[in-house]
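# Descriptive structure summary
Below, each chain spelled out in residue letters.
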Amino acid sequence: MNQTYDVIVVGAGHAGCEAANAAAKMGSKVLIITMNMETIAKMSCNPAMGGVAKGQIIREIDALGGMSGIITDKTMIQFRMLNRSKGIAMWSPRAQSDRMRFSEEWRLALEANLNVDFFQDSVTEITTQNNKVTGVICGMGAKFSSKTVVLTAGTFLNGIIHIGRKQFGGGRMAEKSATGITAQLESLGLISGRMKTGTPPRVDGRSLNYTKMEEQAGDENPSKFSYSTETLPLKNQRSCHITYTNDRVHNILREGFEDSPMYNGSIQGLGPRYCPSIEDKINRFAERERHQIFVEPEGWNTIEIYVNGFSTSLPDEIQIRAMQQIPGFENAKIFRPGYAIEYDFFQPTQLKATLETKAIENLFFAGQINGTTGYEEAAAQGLMAGINAHAKANEKEPLVLGRDQAYIGVLIDDLINKGTDEPYRMFTSRAEYRISLRQDNADERLTPIGIQIGLAESHRVERLNKINYEASTITQLLAKESINMAEGEKYLPQLTSAIIEKTKAQKILLRPEVTITDIQKIPTFEGISQYEEESIQRAEIYLKYSTYIEREKEQAEKLNRLENIKIPQNFDYSKLQSMSMEAREKLKKIQPATIAQAKRISGVSPSDISVLLIHFGR
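Moving on, we get to the packing of helix 2 (residues 54-64) against helix 9 (residues 375-393). Running from N to C, helix 2 and helix 9 cross one another at 25 degrees; their axes reach a closest spacing of 9 Å. With respect to helix 9, the axis of helix 2 lies roughly parallel. Seen from above, helix 2 lies across helix 9 with left-handed handedness. Each of Lys54, Ile57, Ile58, Ile61 and Leu64 in helix 2 lies in contact with helix 9, whose residues at this interface are Glu376, Glu377, Ala379, Ala380, Leu383 and Met384. Tallied by class, the residues present in the contact of helix 2 with helix 9 amount to eight nonpolar, no polar and three charged.

Encoded structure:
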């Protein structure tokens, strides 16, 4: 307790674990403080990682040298690549995880790092001097000094759990909430708000009739998240199942509306728009006769089942009666009811691009405290906060990722410039450069950065170079060799129009009905099969989408020129009278660091940007 740490991480959820791991791996002396050592990296809600856009984030974390991808690979029980029927920008990896093993692997990974110390207690105060962090004080009175603090409080700040009309304090079921920090941070000038999230019931898998459900197996040839050679794809997988609600379910749920905290005014915070509760679904989409329910096992050896799609805070008696009207759930035994949880967050416009608070130097926020929802969004923020806390403690350059570099860059840029009034969730549609920000090329985009800052292992660049070399060799072959009419008729019968004269293979590959797997059937191109699947896929994507990728690159370069035009700190916008009042108010509040950042603020128009450019001599 007498030493001064470089970084103290408060909270050991997904954000806290990534923050502690990153800072410690880069050389900082780190203390991670958690209220319960047994719940490190606990999956509070669904036992899964990845999904649409979220899978891209996990790949980016891994490419930078974070641990979420490796931990997921080690503990997953099923892997699926979502949206394969859509364009490559939409492809998103998702893994069903073993909840208990996920938590265990994260703890073991942190314990293996000699730069990480642990302490079990709540933190009740962030100590400061002259608006600069000096450390923390714990509930039992222990004091720790630190150069920086990363606060990853999750849903614990003044958390209240709701089940029907029942209310009780808690940051998670059977775990107490954290009090004191919100009031203290408000006294230091930060502004808080309230948000809400929820979780479904868990049931006994032995009581379900799977014959009445649709089986949802994993991919026939599963991939994995991590680009490292430390993990391997799954050989065996567990299936999930799908069933549906019906009118009987909906009618029973409606009986509980008057006791629902969502409708009787008990909950003030806004919930996640894109992950609504079952009562919200049947209320907002009353015309729908049924809603999909995903029946997801919580691990290899447990009988506990996660009822995805049935998130609810209705009275437990209503939950059980309604659930037992779902096909396959007629005899369902409930382990624990679903519930809603309301908690404090801090508007993220109060943060710098490094996730450091503007009001208090060396204090960083990451995860749901910034108004986000989801393990993946939290882990990404934790990683970046850990990297930048380490940089600040050791007087090094911070790392800020651009919107053209990573979904992580989009996430943080959206938060600090636009803020959020509801739990923020990442989607591919939020990224304007999503063809470039694919799940398959996160290593190409970010591994060199990870190695440069000392987070990713140097051997990763060897594999990256190998994949790029093989992909380049394949593209050169396809650009050089041609396919004639006879070969087209024999090996490519799916062609909608015949090959009239010899045509370069790369041009044939541009046809939507042709894949590189089809072309490999032609003797001239059989040698492609000797290369890694990842190299072959990368070559195909580049050839099919090179025009769109180059167009995005040009657009990004134009915007990046504005990133080089810095705005002085605490610039007085009131003297720019030709700018709109709204723009002046927004710019004064957010204090963007560059013209490009100012351009992305809601309420700042192109004419307002022109005024700024003229003022700064551009």
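Now that the structure has been shown, the text picks up again.
Turning next to the environment of Ser472. With respect to the helices and strands, Ser472 occurs in helix 12 (residues 459-480). Measuring from C-alpha to C-alpha, the distance between Ser472 and Val307 comes to 45 Å, with 165 residues separating the pair along the chain.

This part takes up the sheet that holds strand 10 (residues 160-163). One open sheet holds the four strands; their spatial order is 11-10-19-12, and the pairing between them is antiparallel. Each end of this open sheet is capped by a strand with a single partner; those strands are strand 11 (166-169) and strand 12 (192-199). Strand after strand, the sheet turns through a mean of 25 degrees between neighbouring axes, direction not considered.

Bringing empty space enclosed by the protein into the picture now. Under the defined criterion, the tally for this structure stands at two cavities of 30 Å³ or more. Surrounding the largest cavity, Gly402, Arg403, Asp404, Tyr433, Ala556, Leu559, Asn560, Glu563 and Arg600 form its lining. Looking at the lining of the largest cavity, its residues break down into three nonpolar, two polar and four charged. Every residue along the wall of the second largest cavity is listed here: Lys196, Gly198, Met262, Ser277, Glu279, Ser311, Thr312, Ser313, Tyr339 and Ala340. Among the elements of the structure, strand 12 and strand 19 (339-346) are those that each provide at least two residues to the lining of the second largest cavity. Its residues assigned to classes, the lining of the second largest cavity shows three nonpolar, five polar and two charged.

Okay, the packing of aromatic side chains next. Per the stated rule, a full pass over the model turns up seven aromatic pairs. Where Phe346 meets Phe365, the ring centres are 5.5 Å apart and the plane angle is 50 degrees; that geometry is what we call tilted. Of the two residues, Phe346 is situated in strand 19 and Phe365 in strand 20 (residues 363-365); the sequence distance between them amounts to 19 residues. Residue Phe346 shares its accessibility class with Phe365, and that shared class is buried. Taking the centre distance of 6.4 Å and the plane angle of 50 degrees together, the rings of Tyr545 and Tyr548 count as tilted. Here Tyr545 pairs with Tyr548, and both are found in helix 16 (residues 533-563), just three residues apart, close to one helical turn. In this structure, Arg288 is placed above the aromatic ring of Phe285, and the distance from its NZ or CZ to the ring centre is 4.9 Å. The ring of Tyr424 carries Arg430 above its face, with NZ or CZ at 4.2 Å from the centroid.

Although it is not a glycine, Ala41 sits at a positive phi angle of roughly 55 degrees. With respect to the secondary-structure elements, Ala41 resides in the loop between strand 2 (30-34) and strand 3 (48-50). At Ala53, a position not held by glycine, the phi torsion is positive, near 70 degrees. Mapped onto the fold, Ala53 is located in the loop between strand 3 and helix 2. Residue Ala53 is classed as buried on the basis of its relative accessible area of 0%.

Attention now goes to the sheet that holds strand 17 (residues 304-308). Read across the open sheet, the six strands follow the order 14-15-16-17-13-18; overall the sheet is antiparallel. In this open sheet, the two strands that pair with only one neighbour each are strand 14 (214-216) and strand 18 (334-336). Sheet twist, expressed as the average angle between the axes of neighbouring strands with direction ignored, equals 35 degrees. Where strand 13 (residues 202-204) and strand 18 come together, two bridges link them in antiparallel fashion. Considered in strand 18, the bridge of Val203 is made with Ile334.

Criteria and thresholds
- Residues numbered from 1 in each chain as written.
- Predicted model: local features only at pLDDT ≥ 70, side-chain atom pairs only at ≥ 80, totals over all residues.
- Heavy atoms only, no water.
- Axes fitted to C-alpha atoms, helices over the stretch in contact; angles between N-to-C directions.
- Helix = DSSP H or I, 4+ residues; strand = E, 2+ residues; numbered from the N terminus.
- Parallel < 35°, antiparallel > 145°, perpendicular 65-115°, else oblique.
- Left-handed = near helix turned anticlockwise from the far one by under 90°.
- Contact = heavy atoms within 4.5 Å.
- Nonpolar A, V, L, I, M, F, W, Y, C, P; charged D, E, K, R; others polar.
- Pairing = 2+ DSSP bridges.
- 1 Å grid on protein atoms, 1.4 Å probe; cavity = no way out; pocket = protein on both sides within 12 Å on 5 of 7 lines; lining within 4 Å.
- Points joined across faces, edges and corners; volume = space filled by probe spheres on them.
- Phe/Tyr/Trp six-rings, centres within 6.5 Å; stacked < 30°, edge-to-face > 60°.
- Buried < 20%, exposed > 50% of the residue type's maximum accessible area, 1.4 Å probe, protein only.
- Lys NZ or Arg CZ within 6 Å of the ring centre and 35° of its normal.

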